[in-house]
Amino acid sequence: QKMANPQGGKAFGQLKQQQESQLDSVCNEFSSNPDATPEKLQKYKLMFLTYDANNSGDIDIMELKYMMEKMGQAKTHLELQKMIKEVDTTGKGTINFRDFLGMMFGKKSSVLQKIILFNELAAAQNPATPQKGDLPPKKSIKDLP
């Protein structure tokens, strides 16, 4: 159910709580999967909440585009559509949290899953290296030619 005004602080907090409890119930569906540790479930829940910018409960094509850009993996509109189609089980053209977890813990491989896992691996190996989404180094007048 949609709230009339998600701008209000209290209403927004309630919306976020409601979303988290819905995502937690989806997490419980995956608890029997040996790969789905509570830590991984929590990490993917936070990732999903981060990129579900409009709080719709789905990651749409523009949110996926933003996610890929933050990971330094900019994709064309067609590539994004294919990525969504690979994991979308509802046919809505979006990725819901159940699809997202199914992709991350399922046997079937997908492009999005590989990009996320590759990004996690790279971050784990080089924690001090700035990611592509970070700010560029500061420059001064002396740096100019």
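Here, every reference points to the structure presented above.
**What about the environment of Met 103?**
Phase 1: Relative to the assigned elements, Met 103 resides in helix α5 (residues 97-105).
Phase 2: Setting aside residues no more than four positions away along its own chain, Met 103 makes contact with Val 87, Lys 108, Ser 110, Leu 112, Gln 113 and Ile 116.

**Details of the pattern of salt bridges**
Phase 1: Overall, the coordinates contain six salt bridges when judged by the stated rule.
Phase 2: With its nearest N and O atoms 3.4 Å apart, the salt bridge here joins Glu 120 to Lys 43. Highlighted residues: Glu 120 in helix α6 (residues 111-125) and Lys 43 in helix α2 (residues 38-51), separated in sequence by 77 residues.
Phase 3: Lys 92 serves as the salt-bridge partner of Asp 58, at 3.0 Å between the closest nitrogen and oxygen. Of this pair, Asp 58 sits in strand β1 (residues 58-59) while Lys 92 sits in the loop between α4 (77-87) and β2 (95-96), and the two are 34 residues apart along the sequence.
Phase 4: By relative accessible area, which is 11% here, Asp 58 ends up buried.
Phase 5: Taken together, the salt bridges that share partners define one network made up of Glu 20, Asp 24 and Lys 45.

**Considerations on the packing of helix α3 (residues 61-70) against α6**
Phase 1: Between α3 and α6, whose axes approach to 11 Å, the crossing angle comes to 35 degrees. Crossing handedness for the pair α3 and α6: left-handed. Across the interface between the two elements, Leu 64, Met 67 and Met 68 of α3 pack against Leu 112, Ile 115 and Ile 116 of α6.
Phase 2: Considered class by class, the residues forming the contact of α3 with α6 number six nonpolar, no polar and no charged.

What counts and what doesn't
Residues numbered from 1 in each chain as written. Predicted model: local features only at pLDDT ≥ 70, side-chain atom pairs only at ≥ 80, totals over all residues. Heavy atoms only, no water. Helix = DSSP H or I, 4+ residues; strand = E, 2+ residues; numbered from the N terminus. Contact = heavy atoms within 4.5 Å. Salt bridge = Lys/Arg side-chain N within 4 Å of Asp/Glu carboxyl O. Buried < 20%, exposed > 50% of the residue type's maximum accessible area, 1.4 Å probe, protein only. Axes fitted to C-alpha atoms, helices over the stretch in contact; angles between N-to-C directions. Left-handed = near helix turned anticlockwise from the far one by under 90°. Nonpolar A, V, L, I, M, F, W, Y, C, P; charged D, E, K, R; others polar.

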